[in-house]
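Given next are the chains, with one letter for each unit.
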Amino acid sequence: MPQELKAYLKERFGVLGPVAPGRFEAEVAKRVGSPAKREPLLRAWRAYLSGGGREAVRSFYREVLKIPKGEALVYGMHLPFLEFYAREVPKRLEGEVLEVGAFTGALVGYLKLKRPELSFHALDGVEEAVEAGGKRVPEVAWHLGWAEEAELGPFDTLLLLSVFPEGFLDQDLESRLPPEGFFRAFAFFERLPRFARLLKPGGLLVYGHGPFLGKSLEGVEEGLRRLGFREVERVGEGEYFLVLARKPEALEEAFLEEEALEELFAEPVPVRARGLDLEEVRALLEEGAYKEVLSRIPEEAEGEAAYLRGRALYALSRYAEAEEALKRAFSQEAEDLRALVLVELGEFERAKRRLEGLAPRGGRYRLALGRVYLAEGRYADALRQFVESGLPEAEVYTREALERIAERMRRFAREGEWAEVSRRAEFVEDLSPSLLTREMLRLGLKAALLQGLFARAERYARRLADLDEAEGFLGLALVGLRLRSPLEYRGEDLKAVEPYLTEALAREEIPEALLLLGILRRREGRLHEALRLLERASRHGEGEVAGLAFHHLAEVKRALRRPLKEVLGDHKRAHALKAYPAPYLFRLAQEALEGGEEVLARELLSRARDAGLKEVAEADLRGLLSLLERLEGPWAAFSLLYQALAHTPSPPLELLAWAYRLSRAFPDSDEAQAVRGQYLAALYGAGRVEEAEKLLLAEHEERPQALEVLFDLAEHYEAKGEWKEAAEYWQRALEVALYREKDLALAREILKNLLFLRPHDESLALYLEELKEVGRGLKALGEEAPEVPEKEALLEEALPRFHGEHLLVVGGHTQLRSRLTPLLEARGLKVDWYDADTAGVGKEALRRILGRLEKAHGLMIVSSYVGHDLSEPVRLEAERLGVPVHVIPGRARGSTGFLRALKTFAPEIFKKALKGVQ
């Protein structure tokens, strides 16, 4: 809760931290540089502290609101009490709540945040404060006036927090007053009933004295009881307390008793006259005669006698009785001793604030405050207090604090929070290097090394070495190499630190030292010694240290010509503890396969796949493909190659041929069809037409009924101008589509191509009639069938009528262009066609195409017949110019394939043409 309150005060009121009242004038000087400008405020401040009544209070708060961040200064002086109120008050509120003397509303605003269901009111007698509070805390109802005169309420809860003493202050007041002195100093019985007018019968009064002098917890309680308040209850102790009480139906009359008045105004009566010689009691205390002191001072004694009795009880460890006696002493010294008593009683929270003020005196106060911090888990603060107390009896608490700090360091080390480990070791070292225990030195050394703090690591390592600890010598070796850990070793000169490593191993078999010394022996060629050292390192080590040991052990065994299975087995163990990169695993898998260890090769390849084969593919794609094909079959190799081809703009013909060869194991898959088309396009692009033809013929022989092969062969012969062979393959494709696949729509499209090639062939009319008959038969059976028009209508079926639109075509072969260009122009379309046979890939061809593109209404790319380095620049330029683009993927499937694509693309051409007209 204090953090929440501090954030709230900082955000709304600019409060950055507590301000001691004694530093008020210095803080004002920081905010107001001119002495003349700050003089009115300082004059009002002195009048305020001298009990100048309402006018002094009004004047002080008016002046403080005139300086920059003045209200933050006021709240800073009250901050510790605001934290106490924020912790204790919200849960006790009920009904309508009025805070008297709310100033600018910091506390009442915070209470509203904590209890939004309640109604809050704020009352203050300073007009400027009410105006500022209405802006700062608009969710609270604000009232201007003094509580003794205001006509408000009544309310369910009345808050008199740090406000009742204002106007009645006196710098000569004691810190604590006895009840009668409190009543007199603050006119309690005359003033409180005027405040109580604002409270309903049965309502809750909450009184807090605040940071002012003249505190009297007992006086407030007794005064409220005399006035008839019931359920009087106290919360807190010492400087920080609240008194809660419920108002009766009618207040009783109360006043100072005559005897008390006479005692207040009478001359002090010597203690000796009452039968007690305090000087003698003090002498007995000095002699240690504590029981004699208790026999002389009665239990009900007050004042200094109660203080002496409390000292005696404290010395006898009768702490509960000592606290009761010190409560009645009403002196600063008694409260100081009472704080020590509360620590012994385990009341740490009650004692803390007092002890924090007393700690600068040192000695037993620091010791007591350290015990408070130790109980709260603030071990670093506790250790500082114990060390600075300088008392011999603090040693046992110092050891306990160090043990607790070491426990936290162990926990942070387990969690990998090495910065926290290092911070605690540094703190203890700053207090005194001799405080660092062996465990702290070990943890601090590791933390310093991992953070690269080599100077600090060297200090800790030397301390451990002086204590004959093996970790110290290992630490000195790592510091000498400037290594954070042995895992970072990259070939540094180990010979220089060999003495440290041997000294460490002479005391304990530390895996890190065994590892480094084994690496050194391997570099020196002393392989058998290296073998023994690394075997011990792998056996005693854990995690990555053991993994690195297994790695070097495998390399030593390789050098000693041990069996390959044994070498690779150690590499497997190394990878399990410290993962190898994928390329290294790939090389191990290759080595295993070459050595005849196929099972190990499969396992290592699987580990490489888990690590990601992308890096391996970039470095040695062909080697990886060979390994995958041998170990996992063609599909594994093809999948990897297919992905690689997808990310390669212009893949080499060799890889395409490899991919095609692998795809023959599953020729009907979509991936295989895509690779086959890409490979054929590459062959055509390279001018290797004979190879493409052989490939297609071989496929046709293997799969005579495959439509894709028939289509490619037909288009191949069309491109060569061998119309008879092209028509033959189109006819075979028609028969397969019609009789085997029963696909009437595809059969219609193939028939179109035949009609283009052999327009006067009467035999084609038979196919046309057969298509019509099949369609009629299907309709008779109630099934849908595509319409089959007459021969002339079929050729131009559903092709739209154009009106002079400009189309640019890139790709296709010469025969396709020569057959279709007249048809398209007859339909009203202006065509610029750059086919793959006549348009080169040079800059001149590209320049001509781009020049025509600016006037085009559409761009069609037949991707199978044009290279990527030509089609891609054209496509990007079209997109920049806003020209719609249509790419015909795969093979065009003759004339009908192109016409079908044009029919789909026609709406985009029309849109572009209309935009150009507008």
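Rules used throughout
Residues numbered from 1 in each chain as written. Predicted model: local features only at pLDDT ≥ 70, side-chain atom pairs only at ≥ 80, totals over all residues. Heavy atoms only, no water. Helix = DSSP H or I, 4+ residues; strand = E, 2+ residues; numbered from the N terminus. Rg over C-alpha atoms; globule rule 2.2 N^0.38 Å. Buried < 20%, exposed > 50% of the residue type's maximum accessible area, 1.4 Å probe, protein only. Contact = heavy atoms within 4.5 Å. Areas by Shrake-Rupley, 256 points an atom, 1.4 Å probe, with all protein chains shown as cover. Lys, Arg positive; Asp, Glu negative; His and termini not counted. Charge placed at Lys NZ, Arg CZ, Asp CG, Glu CD. Salt bridge = Lys/Arg side-chain N within 4 Å of Asp/Glu carboxyl O. Pairing = 2+ DSSP bridges. Axes fitted to C-alpha atoms, helices over the stretch in contact; angles between N-to-C directions. pLDDT = per-residue confidence, 0-100. Core = buried A, V, L, I, M, F, W, Y, C linked by side-chain atoms within 4.5 Å. Expected span 1.5 Å × (residues − 1). Right-handed = clockwise from strand over helix to strand, strands pointing away. Left-handed = near helix turned anticlockwise from the far one by under 90°. Nonpolar A, V, L, I, M, F, W, Y, C, P; charged D, E, K, R; others polar. Phe/Tyr/Trp six-rings, centres within 6.5 Å; stacked < 30°, edge-to-face > 60°. Parallel < 35°, antiparallel > 145°, perpendicular 65-115°, else oblique.

A. Looking closely at the overall build of the protein chain. When helices and strands are tallied, the protein chain shows 46 helices and 11 strands. Computed over C-alpha atoms, the radius of gyration of the protein chain comes to 49 Å, more than 25% over the 29 Å expected from 2.2 N^0.38 for 918 residues, which places it beyond the range of a compact globule. Oriented by its inertia axes, the alpha-carbon framework of the protein chain measures out at about 150 × 85 × 60 Å. Per-residue burial over the protein chain gives 52% buried out of 918 residues. Within the protein chain, residue pairs in contact and separated by at least 24 positions form 63% of the contacts whose partners lie at least 6 positions apart. For the protein chain, the computed accessible surface area is about 43200 Å², with 50% contributed by carbon and sulfur atoms. Side chains of the protein chain carry 136 positive and 157 negative charges; the gap between the two charge centres is 3 Å.

B. Focus on the pattern of salt bridges. According to the stated counting rule, one finds 92 salt bridges in the structure shown. The partner of K495 in a salt bridge is E498, with the nearest N and O atoms 2.8 Å apart. By relative accessible area, which is 13% here, E498 ends up buried. Residues R875 and E879 are paired through a salt bridge, measuring 2.6 Å at the closest nitrogen-oxygen approach. Taken as a pair, R875 and E879 lie in helix α45 (residues 868-881) at a separation of four residues, close to a single helical turn. E879 gets classed as partly exposed once you look at its relative accessible area, which sits at 46%. Each of R176, E218, E323, E335, R338, E347 and R350 takes part in one network of salt bridges that share partners.

C. Highlighting the sheet that holds strand β2 (residues 119-124). With respect to topology, seven strands assemble into an open sheet ordered β3-β2-β1-β4-β5-β7-β6, the strand pairing being mixed. Looking at which strands have only one partner, the edges of the open sheet turn out to be β3 (141-144) and β6 (230-237). Neighbour-to-neighbour, the strand axes of this sheet turn through a mean angle of 20°, independent of strand direction. Strand direction decides the pairing type here: β6 and strand β7 (residues 240-246), joined by six bridges, are antiparallel. Across the sheet, residue R230 finds its bridge partner in β7, namely R246.

D. Just the confidence of the model for the protein chain, in detail. In this model, the protein chain carries an average pLDDT of 84, and 91% of its residues clear a pLDDT of 70 or more. Within the model, pLDDT remains below 50 along residues 258-273, and this stretch shows 10 contacts once partners closer than five positions in the same chain are excluded.

E. Layout of the pairing of strand β4 (residues 155-161). By the criterion of burial, β4 is predominantly enclosed, with six of the seven residues buried. Of the pairings in the sheet, the one linking strand β1 (residues 96-100) to β4 comprises three bridges and is parallel in character. Among the inter-strand pairings, V97 is bridged to a residue of β4, identified as T157.

F. Looking closely at the nonpolar core. Counting 178 residues, the largest nonpolar core has L355, V428, L624 and L641 as the members making the most contacts within it. Element by element, the count of residues in this core is highest for helix α39 (residues 723-740), at nine residues. Not counting residues up to four positions away in its chain, the partners in contact with L641 are L621, L625, L655, W658, A659 and L662.

G. Representation of helix α18 (residues 364-376) in the model. End to end, α18 covers 19 Å across 13 residues, agreeing with the expected 18 Å (1.5 Å per residue, within 8%). Burial of α18 is extensive: 10 of the 13 residues sit out of reach of the surface. Those residues of α18 that fall on the buried side of the exposure criterion are Y365, R366, L367, A368, L369, G370, R371, V372, Y373 and L374. Backbone geometry just after α18 places G377 at a positive phi near 85°.

H. Layout of the pairing of strand β8 (residues 806-811). Among the six residues in β8, six count as buried, and that is most of the element. The pairing of β8 with strand β9 (residues 830-834) spans five bridges and is parallel. The residue of β9 that forms the bridge with V809 is W833. After leaving β8, the chain enters helix α43 (residues 814-826) and then returns to the sheet as β9, a path that is right-handed. Where β8 and strand β10 (residues 858-862) come together, five bridges link them in parallel fashion. Opposite L808, over in β10, you have L859 as the bridge partner.

I. Fine view of the packing of helix α34 (residues 634-646) against helix α35 (residues 653-663). At a minimum axis distance of 9 Å, the contact between α34 and α35 shows a crossing angle of 145°. Crossing hand, α34 versus α35: left-handed. Note on element contacts: α35 touches α34 through L655, L656, W658, A659, L662 and S663, opposite P634, A637, F638, L641 and L645. A per-class count over the contact of α34 with α35 returns 10 nonpolar, one polar and no charged.

J. Here's a closer look at the side chain of R309. Summarising the element assignment, R309 is placed in helix α14 (residues 303-315). In this view, R309 contacts L294, I297, P298, E299 and A325; residues no more than four positions away in its chain are not counted.

K. Inspection of the sheet that holds β10 at higher detail. Pairing is parallel across the open sheet formed by four strands, whose spatial order is β9-β8-β10-β11. Only two strands of the sheet have a single neighbouring strand rather than two, namely β9 and β11 (885-888). Sheet twist, expressed as the average angle between the axes of neighbouring strands with direction ignored, equals 15°. Where β10 and β11 come together, four bridges link them in parallel fashion. Paired with L859 across the bridge in β11 is V885.

L. Geometry of the packing of aromatic side chains. Here the structure, examined in full by the defined rule, presents 33 aromatic pairs. Aromatic pair W45 and Y48: ring centres 6.1 Å apart, planes at 20°, arrangement stacked. Linking W45 with Y48, this pair stays in helix α3 (residues 35-49), spanning three residues, or about one helical turn. What makes W45 buried here is its relative accessible area of 8%. Each ring, one from W635 and one from F666, has its centre 4.8 Å from the other, and the planes form 80°; the classification is edge-to-face.

M. Geometry of unusual backbone geometry. Residues other than glycine seldom take positive phi values, yet S162 does so here, at roughly 55°. Note on placement: S162 falls in the loop between β4 and α8 (179-185). The backbone of R482 sits at a positive phi, close to 60°, despite the residue not being glycine. Topologically, R482 is positioned in the loop between α24 (470-481) and α25 (498-507).

N. Seen up close, the packing of helix α23 (residues 454-466) against α24. The interhelical angle for the contact between α23 and α24, taken along N-to-C directions, is 150°, at an axis separation of 7 Å. In terms of orientation, α23 lies roughly antiparallel with respect to α24. Along this stretch, α23 crosses α24, giving a crossing that reads as left-handed. Listed contacts from α24 to F454, A457, E458, A461, R462, L464 and A465 of α23 are E471, G472, F473, G475, L476 and V479. Considering only residue class, the contact of α23 with α24 consists of eight nonpolar, two polar and three charged.

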